[in-house]
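Secondary and tertiary structure notes
Read off the chains here:
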Amino acid sequence: MTPAADTSAGPGAEFWFDPMCPWAWMSSRWMTEVEKVRGVNVTWSVMSLAVLNEGRDLDADYRDFLDRAWGPVRVVVAAREAHGDEVVKPLYDAMGERIHHRGERDVDAVIAGALADVGLPADLAEAATSEAHDDALRASHERAMELVGDEVGTPVVAVDDVAFFGPVVTPAPKGEAAGRLWDGCVLVAGTEGFYELKRTRTRGPIFDVEG
């Protein structure tokens with residue numbers, strides 16, 4: 001028998017993401033399950049792979065990816081500043097559905113479609129090519145980096161006084177399996193002196209549209 005979900009009030013947590021990152025998307029699907037089975041109240045915040053990799057020597061393909069990555073994260077920041085925290089997760093979900101499930105590569109079309117999907121003003125798309133919100137973007141990014149250092153990527157998760165990069169997982173666990181992974185992540189990350197568990201990835205993200 002599957003254990004009943006723990007619906008008691010859980011801790012607050014913060015999840016930093018870049019909309020373009022497939023691994024952050026996988027982890028966000030897991031975190032959405034954690035909200036359900038552990039009662040965790042999640043704040044969704046942005047970080048930026050483009051900011052993280054500024055000044056680094058990168059191959060042309062990844063540099064092109066990072067150049068395109070500015071748009072979605074800037075639009076999420078602009079939407080938050082104009083319409084509040086409550087629009088961040090729905091807009092991220094809409095972008096992620098298009099980017100990671102539908103495989104849409106035209107970033108302008110992704111942004112326009114996602115804004116329409118969640119009923120936000122179309123003119124927010126103008127933020128994609130503007131630096132007007134970059135101070136807020138960088139401030140959010142730096143809050144994550146201050147917690148875990150700059151030798152990581154996205155996502156970053158913080159709960160109480162514990163923060164960690166990841167988890168890097170595929171497919172995203174569901175139900176109580178998601179809850180057990182959460183319990184384990186918080187346990188090991190909260191152990192004094194603990195830094196890393198890792199093994200070689202043998203498969204890429206498995207995008208499951210259910211759940």
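Scope of this entry: the structure provided in the associated data block. (Residues numbered from 1 in each chain as written. Predicted model: local features only at pLDDT ≥ 70, side-chain atom pairs only at ≥ 80, totals over all residues. Heavy atoms only, no water.)

Where helix 1 (residues 22–38) contacts helix 4 (residues 88–101), the two axes come as close as 11 Å, and the packing angle between them is 130°. Here helix 1 is positioned oblique relative to helix 4, judged by the angle of their axes. Along this stretch, helix 1 crosses helix 4, giving a crossing that reads as left-handed. Residues Pro22, Ala24, Trp25, Ser28, Arg29 and Thr32 of helix 1 pack against Lys89, Tyr92, Asp93, Gly96, Glu97, His100 and His101 of helix 4. Class assignment of the residues belonging to the contact of helix 1 with helix 4 gives a composition of 4 nonpolar, 5 polar and 4 charged. (Axes fitted to C-alpha atoms, helices over the stretch in contact; angles between N-to-C directions. Helix = DSSP H or I, 4+ residues; strand = E, 2+ residues; numbered from the N terminus. Parallel < 35°, antiparallel > 145°, perpendicular 65-115°, else oblique. Left-handed = near helix turned anticlockwise from the far one by under 90°. Contact = heavy atoms within 4.5 Å. Nonpolar A, V, L, I, M, F, W, Y, C, P; charged D, E, K, R; others polar.)

Our next topic: the packing of aromatic side chains. All told, the structure shown has 5 aromatic pairs when counted by the stated rule. With a centroid separation of 4.9 Å and 50° between ring planes, the pair formed by Phe15 and Trp44 is classed as tilted. On the criterion of sequence distance, the pair formed by Phe15 in strand 1 (residues 12–17) and Trp44 in strand 2 (residues 41–46) is long-range, its members being 29 residues apart. Their ring planes at 45° and their centres at 6.0 Å tell us that Trp30 and Trp182 sit as a pair that is tilted. Of this pair, Trp30 sits in helix 1 while Trp182 sits in helix 7 (residues 175–189), and the two are 152 residues apart along the sequence. (Phe/Tyr/Trp six-rings, centres within 6.5 Å; stacked < 30°, edge-to-face > 60°.)

What follows is about the sheet that holds strand 2. One open sheet accounts for 4 strands, arranged 2-1-3-4; its pairing is mixed. The sheet is open, and its two edges are formed by strand 2 and strand 4 (162–165), each paired on a single side. Along the sheet, successive strands turn relative to each other by an average axial angle of 15°, direction set aside. When strand 1 meets strand 3 (residues 156–159), the two strands line up antiparallel, connected through 4 bridges. When the sheet's bridge partners are listed, Glu14 is paired in strand 3 with Ala158. (Pairing = 2+ DSSP bridges.)

That's the geometry; what it means functionally is another story.
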